[in-house]
Amino acid sequence: MTDSQRPPNRRLVEAVYPAGTHLGYSRASSNGMRGTVRDDQDNSLIGQAELFDAPDRYAYGYHDGYDHRSHDDEFRHYLAEVLAPEVARLVMNAAWVAAARGIATARPHVNAWVRQRRRAVWRR
């Protein structure tokens, strides 16, 4: 679907407003924005944002104007920060379990060997 095929009450636009300001939030819809520009410090009304037609993002496949490669790298770093401790914890738990099982399995054999050595020493 191209932008020209969309219903007339919806239109894809880009909002341009000065640094240090933000768009006003809509009270009528969740996550909606208004065209009013407000100051970041005290939320006072500054003026109106300029709205420009956004490029037709459906004409040549999906493209919304962002370089997703940088966002993907951000997401990869975030995942690495979140997952690395969890993976390390999982590996350490597996190592502790393996060590505990190994010790439990080896203990009777080690005890038998110690008894055998002790007997050999006492026989001399």
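Look above for the structure.
Just so you know, these numbers come straight off a predicted model, no measurement behind them.

For the protein, the helix and strand inventory stands at 1 helix and 5 strands. Starting at the N terminus, the α and β elements of the protein follow one another as β-β-β-β-β-α. Counting all 124 residues of the protein, 10% fall into the buried class. Approximately 11,100 Å² of the protein is accessible, and the part contributed by carbon and sulfur atoms is 56%.

Time to look at unusual backbone geometry. We note that Asn31 has phi near 60°; this positive angle belongs to a residue other than glycine. Topologically, Asn31 is positioned in the loop between strand S2 (21-25) and strand S3 (33-39). By relative accessible area, which is 78% here, Asn31 ends up exposed. Of note in the backbone geometry, Asn43 takes a positive phi value of approximately 65° without being a glycine. Mapping Asn43 onto the fold places it in the loop between S3 and strand S4 (45-48). Look at Asn43 and you get partly exposed, because its relative accessible area is 40%.

Read from one edge to the other, the open sheet built from 3 strands follows the order S2-S3-S4, with strand pairing classed as antiparallel. Sheet topology places S2 and S4 at the edges, where each strand pairs with a single neighbour. Shown here is a sheet whose adjacent strand axes are inclined to one another by a mean of 45°, direction ignored.

Residues Phe75, Tyr78, Leu79, Val82, Leu83, Val87 and Val91 make up a contiguous nonpolar surface patch of about 620 Å² in total accessible area. The partly exposed category is assigned to Val82, whose relative accessible area is 37%.

In this structure, Ser26 sits in the loop between S2 and S3. Aside from chain neighbours lying at most four places away, what touches Ser26 is Gly32, Met33 and Arg34.

Definitions and cut-offs
Within each chain, residues carry numbers counting from 1 in the order of the written sequence. Two thresholds apply to this predicted model, a pLDDT of at least 70 for residue-level local features and 80 or more for giving and counting side-chain atom pairs, whereas whole-chain, interface and lining totals are computed over all residues. Calculation of side-chain values draws on the structure's entire complement of heavy atoms; hydrogens and water are dropped beforehand. Only DSSP runs of H or I covering at least 4 residues are called helices, and only runs of E covering at least 2 are called strands; the numbering of each starts at the N terminus. We call a residue buried when its accessible area falls under 20% of the maximum for its residue type, exposed when it is over 50%, and partly exposed in between, using a 1.4 Å probe and counting protein chains only. To measure how exposed things are, a 1.4 Å probe is used in the Shrake-Rupley method; for residues, cover is taken only from the protein chains shown. Two strands qualify as a pair provided DSSP detects at least 2 bridges between them. Here an angle of 0 to 180 degrees is reported between the N-to-C directions of two axes, which are lines fitted to C-alpha atoms, with helices fitted over the stretch in contact. By definition, no residue in a patch forms a salt bridge, and every one has over 30% relative accessible area; like charges are joined within 9 Å, nonpolar side chains (Val, Leu, Ile, Met, Phe, Trp, Tyr) within 5 Å. What counts as a salt bridge is simple: a side-chain nitrogen of Lys or Arg found within 4 Å of a carboxyl oxygen of Asp or Glu. Every residue pair with non-hydrogen atoms within 4.5 Å of one another is taken to be in contact.

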